[in-house]
Structure formats: C-alpha cells, structure tokens
Amino acid sequence: MTLATTGRTLGGARFNRRQALKLAAAGGAGLALAGGLGRRSGVRAQDGGSRVTYWHHFTSETEMAGLDRVLASFAVDHPGIEVVPENIPNADFMAKFTSAALADGLPDTSMVTADRVRDMVAMDALTPIDARLAEWETRDAFPETAWSGAEVDGSTYGVPAFMFVNWLYYRRDWFEEAGIAAPPQTWQEFGDIARQLTDPAQGRYGFGLRGGDGGEGYLIDVIEAFGTPIVDEQGCAALDPAAATEALAFFAGLLTDDQAAPPSAPGDSYRQIMEAFRTGQTGMVLHHTGSLKEITDALGDKVMTAPIPAGPGGQVARVSPLYNGLAQPEDEDAAWAWLTHWGKVDTEIAFLEETGYFPPNTEASTDPRITETPIYAAATETLGFGSLPPAFAGYPGWSKQTVLPAFQEVLTGALTPEAAVERMVAGLADETGC
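On a predicted model such as this, the values are computed, not experimentally measured, just so you know. (Residues numbered from 1 in each chain as written. Predicted model: local features only at pLDDT ≥ 70, side-chain atom pairs only at ≥ 80, totals over all residues. Heavy atoms only, no water.)

**Q** Break down the pairing of strand β4 (residues 81–87) for me, citing the residues and quoting the values.
**A** With seven bridges connecting them, strand β3 (residues 50–56) and β4 associate as parallel partners. Directly across from S50, in β4, lies its bridge partner I81. The handedness of the β3 to β4 crossover, carried by helix α3 (residues 61–77), is right-handed. (Pairing = 2+ DSSP bridges. Helix = DSSP H or I, 4+ residues; strand = E, 2+ residues; numbered from the N terminus. Right-handed = clockwise from strand over helix to strand, strands pointing away.)

**Q** Can you tell me about the nonpolar core, naming the residues and giving the values?
**A** Within the largest apolar cluster, 76 residues are counted, with the highest numbers of intra-cluster contacts made by W187, F251 and W398. If you tally residues by element for this core, the top one is helix α11 (residues 241–256), at eight residues. Apart from residues lying up to four places away in sequence, F251 is in contact with W187, F207, L209, L219, V222, L286 and F407. With 32 residues, the next largest nonpolar core counts I129, F162, L322 and A337 among its residues. (Core = buried A, V, L, I, M, F, W, Y, C linked by side-chain atoms within 4.5 Å. Buried < 20%, exposed > 50% of the residue type's maximum accessible area, 1.4 Å probe, protein only. Contact = heavy atoms within 4.5 Å.)

**Q** With reference to specific residues and values, describe the side chain of T245.
**A** Relative to the helices and strands, T245 resides in helix α11. Each residue touching T245, except ones within four places of it in the same chain, is listed here: P417, E418 and V421.

**Q** Could you give an account of the pattern of salt bridges, naming the residues involved and the relevant values?
**A** According to the stated counting rule, one finds 23 salt bridges in the structure shown. The shortest N-O distance in the salt bridge between E353 and R69 comes to 3.2 Å. Pair noted here: E353 is in helix α15 (residues 345–355) and R69 is in helix α3, with a separation of 284 residues, a long-range link. On the basis of relative accessibility, which here comes to 35%, the residue E353 falls in the partly exposed class. For R69, a relative accessible area of 33% translates into the label partly exposed. For R271, the salt bridge goes to E294, with nearest N and O atoms at 2.7 Å. Residue R271 is located in helix α12 (residues 270–278), and its partner E294 is located in helix α13 (residues 292–299); the two are separated by 23 residues in the primary sequence. Among the residues examined, R271 registers a relative accessible area of 37% and is labelled partly exposed. Each of the salt bridges in this network shares a partner with another, and the network as a whole consists of R271, E275, R278 and E294. (Salt bridge = Lys/Arg side-chain N within 4 Å of Asp/Glu carboxyl O.)

**Q** Tell me about the packing of α12 against α13, residues and numbers included.
**A** Remark: α12 packs on α13, axes separated minimally by 10 Å, with the N-to-C direction vectors making an angle of 25°. What the angle tells us is that α12 and α13 run roughly parallel. The crossing of α12 and α13 is right-handed. Facing Y270, R271, M274, F277 and R278 of α12, the residues of α13 in contact are E294, I295, A298 and L299. Tallied by class, residues from the contact of α12 with α13 come to six nonpolar, no polar and three charged. (Axes fitted to C-alpha atoms, helices over the stretch in contact; angles between N-to-C directions. Parallel < 35°, antiparallel > 145°, perpendicular 65-115°, else oblique. Left-handed = near helix turned anticlockwise from the far one by under 90°. Nonpolar A, V, L, I, M, F, W, Y, C, P; charged D, E, K, R; others polar.)

**Q** Tell me about the packing of aromatic side chains, residues and numbers included.
**A** Within this structure, the stated rule accounts for 33 aromatic pairs. Taken together, a centroid distance of 5.3 Å and an interplanar angle of 75° make the contact between Y54 and W338 edge-to-face. With a gap of 284 residues between them, Y54 in strand β3 and W338 in helix α14 (residues 332–341) connect regions that are remote in the sequence. The same class applies to Y54 as to W338, namely buried. Ring pairs connect the aromatic residues Y54, F58, F74, F162, F164, W338, W342, F351 and Y357, which therefore count as one cluster. When the ring centre of W55 is taken as origin, the NZ or CZ atom of K96, which lies over that ring, is 5.2 Å away. When the ring centre of W174 is taken as reference, the NZ or CZ atom of R204 above it lies at 4.1 Å. (Phe/Tyr/Trp six-rings, centres within 6.5 Å; stacked < 30°, edge-to-face > 60°. Lys NZ or Arg CZ within 6 Å of the ring centre and 35° of its normal.)

**Q** Would you mind going over α13 in detail, with residue names and values included?
**A** Every buried residue of α13 is accounted for by L292, I295 and L299. For α13, the angular spread of the buried residues around the axis is 75°, confining them to a single face. In the core, the buried residues of α13 are packed alongside β8 (159–171), α12, β9 (284–288) and β10 (303–306). Two residues or fewer after α13 comes G300, characterised by a positive phi angle close to 55°. (Arc of directions from axis to C-beta.)

**Q** Give me the packing of α11 against helix α18 (residues 395–411): which residues, what numbers.
**A** It is at 9 Å that the axes of α11 and α18 come closest, and there the two elements cross at 45°. What the angle tells us is that α11 and α18 run oblique. Both α11 and α18 take part in a crossing whose hand is right-handed. Across from L248, F251, A252, L255 and T256 in α11, the residues of α18 making contact are F407, V410 and L411. When the residues that make up the contact of α11 with α18 are grouped by side-chain class, the tally is seven nonpolar, one polar and no charged.

**Q** Residues and numbers for unusual backbone geometry, please.
**A** Unlike most non-glycine residues, D104 shows phi in positive territory, near 60°. Along the polypeptide, D104 turns up in the loop between α4 (90–102) and β5 (109–113). The partly exposed category is assigned to D104, whose relative accessible area is 35%. Even without glycine at this site, Q259 takes up a positive phi of about 50°.

**Q** Account for the environment of E246, naming residues and giving values.
**A** Locating E246 in the fold gives a position in helix α11. It is 8.2 Å that separates the C-alpha atoms of E246 and I223, two residues lying 23 residues apart in sequence.

**Q** How would you explain the environment of L339 if you had to name every residue and give the values?
**A** Turning to its location among the elements, L339 is positioned in helix α14. As for L339 and M111, which are separated by 228 residues in sequence, their C-alpha atoms are 9.8 Å apart. Setting aside its immediate chain neighbours within four residues, L339 contacts T109, V159, N324, G325 and L326.

This is the structure:
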C-alpha cells in the first residue's frame, strides 16, 4: 500500500500523503526528495546472497564500536547476508525517513523509537511482525514492557535491541570520605546526602541538578513518585496540585534552599551535568545507562550506580527500549535474521560492553558477565519495577513548553512552586483537552 491510499489514523486524525509531505517539508526533507530517494534500498547481492540495508542514528564512538561488534558477529552467524548500515543524524532522521517513504525508497530495516513508531506506521512505512514473533523462540525472553513501546493498534512493529535504564550515579569515594554507608533509597535520604556532600568553598555540590533541556523528564518522574499521576487511563489531566507542589518544592529546593546543586543548574543540560560529575564538582547525578561508558572511562571504580530513589507515592524510574523494525525489505527472511540477531544474549552483552546500553532480553540478566559486574546491578533491579516514559497525546508539547520553563523559573526564583504547578495544571488540560 502506498501513502496515497493509506487510511491509518494518528492521534485520531487521518494521516495521508499530503500530511506526510508537510511533515517532510517541516523537517527540511524536501532536499532529500530531490536527491533521488526513489530507488528501493533492499537488493540482492551480486554473489547470490542477500543484502540488507539498515538506517540508524548512532553517532558516538562507543555506539559505532558497539555496532561494529554486532555486525561482525552477524557476519559469522549469517555469512550469506551482507548488512549495509547508514548513519543518519537523529535530528534529521524522521525528515529523511518521511522523504524515503514518499519516494518509495525506504531501507530494508530501520531503527525505531517508541516516540516515532506511530508516525512511521501512519506512513505505512513499517511492516507488522506479529506472525514472525509468534514463531520466534526468543520472544518470551523479553518482558511485555519491552514490547509495548513498539505496539500500535494491537500490532507490533519492532524487536527490542537495547534499552536505556534510568539510574543514579554517585561518587563512591565521596561517600566513603563522608562516612555514608549506602546510596539513598528514598528522595528524603537523597536530599540529606546531597546536603551532606555539599561544600561550596571546595567547589563541591551534592547533586548535579539538570534544569536545562531534558531536565523536565526527571522532574516529572519525581512528581509521579510523590504520589500523583500525570494523566488518567483516558489520557485526561490528573495532576494533583498538592502532591506536584510538594515534589517541585523539594526538587528545586535542592538548589534554591540548600545550595546543594551548582549555581549554573537552571541552564545545565546533559553535557554540563556530565562534565561536572566527571571533573569532581558534583557527587550524584541522574541519567541512564547510556552514559556508563563515558563515566567509567573517566572515574573508574570511584563511581557506582544505584536505583532511582523512591518517593512517598512509589519508586519511579524509566526504562526506554529502542527497536529495530522492518521497513521495506526485498528479502524479509534476511532482514528478520538481522533484527533477531540483536535479541541474542551474546549480541546484547557485546553491545552493552561497548556502550552501557542495557539488554532487554531477561536471560542476559543471569549471565555471569552481568551478574559478576556490580555496577550493572542497579539496572537489573530497575527492570523489575521500571516503567516506560509518559506517552500520552500532548506530552511532548506540555513537558517542553510548559513544565521546563516553569521549572527553570522556580530555580531562578522568578516563580513559586505553587504558581509553577498552577501553570503546569492549566497547560496539561490544554494539551490533553480534558
């Protein structure tokens, strides 16, 4: 089926070829359309074997090293199949993918993220894999939460390749110096430790608070941990102002009241919090397993990990699987072999060793290469209670355009937690429409 005839819906509205063209134009994809993407990507190799093209948005040296190991092991297991990877920067990925869908030039296989899968399906640019999954012997080794991010209207469109698991990094040497026996299990303990580790005269702060881009996600997780959902089962606003205000006052107060975070926190994003932690300015930082390689290369055994602390309403930590899907394969058997190769324990652990990206296959959690490496224990524990990030209609706009600026104004003293939450509640109602 081509985009011109698709009748799929997205967010309750029909998504047709004209809308896809608008999406492509908005993403700057018009140039790609003019660049000859009309050729179907998957072709038979000249030697009679199969050739599988794979689009991905890996960029770092560690990611590319991990991909090289996956490619090398796949070549050993499947000598008759050649995989041709193509790197597309994440910021440009959907623009190029949309252009390729319109021009009938999709790759055989593609990286798929949970926040993009609905758009990809709406373009008829992914092939459902339910029939193949029913016959795949490894399917049940993955928890149901690992599949749900790739499901649309009851069909599955991706095989989990790896996942990001949110956790806490802490400086073990700082804890030992301060006589702190264990990492915090609750947010109250977290605040106590952050204050205890702080010594502004020495340029030390207990917590690398992320108030810049991306910080909204961690605040939302803390808000949920303080006992309030963001939306109900129908996707309508359900934020409790009292619980949200308590959470925001606590989290922002680590800077505004306790000075337990660097003064730069209102504008600090990923790079700033990582640099501060690596260079000995902060003693704790929240991130996910994807930064493990960078952190351990810099700090060695001075760093350890722990699960995200629990709040009065529960323990909230995100697990975010990333998938590989069938786009427009000429040889579906060969493409399926490539997708399922990522699900093997040896493949996932090899990728983990290069990147820190955690295996979604639960059989990997019992492998000695993981169980005998203490720094992985927090991720394994988190898999038992972690949840997918919020994915309701309107979430991206609300979190980025309402939650983040309100959070930053609280951090700078321009807004009270109560006023910020009022703005969040109103913005959530506007985004969800109920």
